[in-house]
Amino acid sequence: MRTLPPLPMTTLLVTTAVGVDLLAWNGDVVTAAGPALPSWAPVLATIAVHQSLWWRRSRAAPVFAGQAAFALVSLGVPLWQPVAGLLVATYAAGARGLRVTPVALALATVALGHGWGVARSASAPLPALLTVAVLTGLLAGIGYAAGRRQWGAGRRAMAAHAAYQQAVEDTRRAALEDERLRIARELHDGVAGSVTTLLLQAAGARAVAGDVAPTTGVTLAAIEDQAGRTLDELRRVLDGLRPGAGPGDDPLARVPDVVAAARAAGLTVRWAEIGDRAPLAQEAAHTVLRTVQEGLTNALKHGGPTSRCRVELDWGATQLRLELVTELDPGAAAAGLAAGGGVGLPSLADRARQAGGSMQHRLSGGAHLVSLRVPVAAAVAGAGCLAPVQ
């Protein structure tokens, strides 16, 4: 905690203030009431009171008040008019931002007191009073104004330093956020896409080899299950790396990759997106993506080697509708599709309800239909996308 200013400067300042006040004093010790003070009293009082200037920076208000009270000694001893210490304290009061009104009132009182002291023994009292009062007030006002200027410069410097520190912190945070987004993009574009391909290819291989080699089918089912779990874990990691949804955070951007992976696994897929895109909650978007993944995986498992799928996203004013239709081969394992391929589709139906939507799946005329509806946040003017059927 700083309590004292730099020693050499303050020593010089205190010594100068004491010297100026003693030199300006003419040695008169006669009081207004008549009796005289001891000649050494003003000397000791000046030296003692001016020691308060050592704390003019850390205790500007009490130091100024003490110096102003000391300067009013002229009301008792008219020709003893100490002012140097008051000028130093006034400058310090301005430099520490003390309010103008109390400082001005104190200085006006001191100036009138000094003017009154001189006027008592002057041949022209009123001019003497005004002259001394104006000169004292002018000197003190200049000191206060100079201090206030320094105070303003200090505040501007502090504000500039704070702005610089904030800019440095903002730059650091931006760099950290850029790095987090870079890692998230690499995970999303590289790892997540690869795991999705692995999941779909494992499902396709199990559909072909499961009946021929049951042991291989069990192994492929384990690979498929672990790939699904890995995708869910990647989703949680990406949500942590990208807490605020941005342009690159849209799970629906991965739907074409899932479709491409299913095609690579041997499934015929027609894909279309119709209408103007609207804001969609993250949970709803993830539900759409997982429904596409689950539907195509089930088609590979149960639809037969020549089955065909149609995936369609239809954007409405208040909801997004996903239709996933699998045209089954004759004799395909329709019962597996009707049961939802295990727990996948029923679990996604629960997620759809949690997102404020609904999902149904059923067999109808040699095809399996999955229908998902989720609400959009608001209808907005989009780019007017009408993706062609692929």
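First, a word on scope: everything that follows refers to the structure included in this document. The structure displayed is predicted, hence computed values, not measured ones.

Let's talk about the overall build of the chain
Here comes step 1: Counting its regular elements, the chain contains 11 helices and 5 strands.
Here comes step 2: The buried share of the chain, reckoned over its 390 residues, is 39%.
Here comes step 3: Sequence-distant contacts in the chain: of pairs separated by 6 or more residues, those separated by 24 or more amount to 73%.
Here comes step 4: For the chain, the exposed surface amounts to about 20,000 Å²; the carbon and sulfur share of it is 64%.

Regarding helix α5 (residues 100-119)
Here comes step 1: With 20 residues, α5 extends 28 Å from end C-alpha to end C-alpha; this agrees with the ideal 28 Å at 1.5 Å per step.
Here comes step 2: Listing the buried residues of α5 in full gives V103, L107, V110, A111, G113, H114, G115, G117 and A119.

Quick word on the nonpolar core
Here comes step 1: Ranked by size, the top nonpolar core spans 43 residues in total, and within it L280, L296 and L320 carry the most contacts.
Here comes step 2: If you tally residues by element for this core, the top one is helix α9 (residues 282-302), at 8 residues.
Here comes step 3: If we ignore the near neighbours within four places in the chain, the residues touching L320 are L252, L280, V288, L313, D314, W315, L372, R373, V374 and V376.

What to know about the pattern of salt bridges
Here comes step 1: Applying the stated criterion to the full structure yields 11 salt bridges.
Here comes step 2: Across the salt bridge formed by E169 and R173, the nearest N and O atoms sit 3.0 Å from each other. Remark: R173 and E169 occur in helix α6 (residues 125-209); sequence separation between them is 4 residues, near one turn of the helix.
Here comes step 3: The shortest N-O distance in the salt bridge between R321 and E323 comes to 2.9 Å. Note on accessibility: R321 and E323 belong to one class, buried.
Here comes step 4: Connected through shared salt-bridge partners, R310, E312, D314, R321, E323 and R373 make up one network.

Description of the packing of helix α3 (residues 60-71) against α5
When two helices pack together, their arrangement is captured by the angle between the axes and the distance separating the axes.
Here comes step 1: α5 packs onto α3 with a crossing angle of 20° between their chain directions and a minimal axis gap of 9 Å. Relative to α5, α3 is oriented roughly parallel. When you trace α3 past α5, the crossing you get is left-handed. Residue-level contacts link F64, A68 and A71 of α3 to V103, A106, L107, V110 and H114 of α5.
Here comes step 2: Residue classes in the contact of α3 with α5 are distributed as 7 nonpolar, 1 polar and no charged.

Notes on helix α1 (residues 7-24)
An α-helix turns once per 3.6 residues; consequently, residues spaced three or four apart project the same way.
Here comes step 1: In this model, α1 (18 residues) spans 26 Å end to end at C-alpha, consistent with the 26 Å of a helix rising 1.5 Å per residue.
Here comes step 2: For α1, the set of buried residues is T10, V14, A17, V18 and D21. All buried residues of α1 fall inside an arc of 90° around its axis, so they share one side. The outward face of α1, more than 90 degrees from its buried face, is lined by the exposed residues P8, L12, T15, L23 and A24.
Here comes step 3: At its buried positions, α1 is contacted by α2 (40-49) and α4 (84-95).

Focus: the pairing of strand β3 (residues 319-327)
Here comes step 1: Of all 9 residues making up β3, 7 are buried, and the element is well covered by its neighbours.
Here comes step 2: Taken together, the 8 bridges between strand β2 (residues 308-315) and β3 define a ladder with antiparallel strand orientation. Bridging across to β3, D314 finds its partner in R321.
Here comes step 3: Two successive antiparallel strands, β2 and β3, enclose a turn made up of 3 residues.

Some details on the side chain of S371
Here comes step 1: Examined against the element boundaries, S371 turns out to sit in strand β5 (residues 367-375).
Here comes step 2: Here S371 falls in the buried class, since its relative accessible area comes to 5%.
Here comes step 3: A polar contact is formed between the side chain of S371 and the side chain of E323, at a distance of 3.1 Å.
Here comes step 4: Setting aside residues up to four positions removed in sequence, S371 forms contacts with L322, E323, S358, M359 and Q360.

Digging into the packing of aromatic side chains
Here comes step 1: Going through the model one piece at a time under the given rule, you end up with 1 aromatic pair.
Here comes step 2: For the pair F70 and W80, a centre-to-centre distance of 5.7 Å together with 85° between the ring planes defines the contact as edge-to-face. With a gap of 10 residues between them, F70 in helix α3 and W80 in the loop between α3 and α4 connect regions that are remote in the sequence.

A closer look at the side chain of E323
Here comes step 1: Along the chain, the position of E323 falls in strand β3.
Here comes step 2: When residues no more than four places from it in sequence are discounted, the contact partners of E323 are R310, V311, E312, L369, V370, S371 and R373.

Looking at the sheet that holds β5
Here comes step 1: Taking strand neighbours across the sheet as the criterion, the 5 strands line up as β1-β2-β3-β5-β4 in an open arrangement whose pairing is mixed. Two strands in the sheet have a free side with no partner beyond their single neighbour: β1 (268-274) and β4 (358-364). Within this sheet the neighbouring strands show an average axis-to-axis angle of 10°, counted without direction.
Here comes step 2: In terms of strand pairing, β3 meets β5 through 9 bridges, oriented antiparallel. Across the sheet, residue R321 finds its bridge partner in β5, namely R373.
Here comes step 3: α9 rests against β1, β2, β3, β4 and β5 of the sheet, and its axis sits at about 5° to β3.

Examining the packing of α1 against α4
Here comes step 1: As a packed pair, α1 and α4 sit with axes 8 Å apart at the nearest point and diverge in direction by 140°. Classified by the angle their axes make, α1 and α4 are oblique. Of the residues in α4, those in contact with L13, A17, V20 and D21 of α1 are A84, G85 and V88.
Here comes step 2: Within the contact of α1 with α4, the residues separate by chemical class into 5 nonpolar, 1 polar and 1 charged.

Rules used throughout
Residues numbered from 1 in each chain as written. Predicted model: local features only at pLDDT ≥ 70, side-chain atom pairs only at ≥ 80, totals over all residues. Heavy atoms only, no water. Helix = DSSP H or I, 4+ residues; strand = E, 2+ residues; numbered from the N terminus. Buried < 20%, exposed > 50% of the residue type's maximum accessible area, 1.4 Å probe, protein only. Contact = heavy atoms within 4.5 Å. Areas by Shrake-Rupley, 256 points an atom, 1.4 Å probe, with all protein chains shown as cover. Expected span 1.5 Å × (residues − 1). Core = buried A, V, L, I, M, F, W, Y, C linked by side-chain atoms within 4.5 Å. Salt bridge = Lys/Arg side-chain N within 4 Å of Asp/Glu carboxyl O. Axes fitted to C-alpha atoms, helices over the stretch in contact; angles between N-to-C directions. Parallel < 35°, antiparallel > 145°, perpendicular 65-115°, else oblique. Left-handed = near helix turned anticlockwise from the far one by under 90°. Nonpolar A, V, L, I, M, F, W, Y, C, P; charged D, E, K, R; others polar. Arc of directions from axis to C-beta. Pairing = 2+ DSSP bridges. Polar contact = N/O pair within 3.5 Å; in protein donor to acceptor, adjacent residues only side chain to side chain. Phe/Tyr/Trp six-rings, centres within 6.5 Å; stacked < 30°, edge-to-face > 60°.

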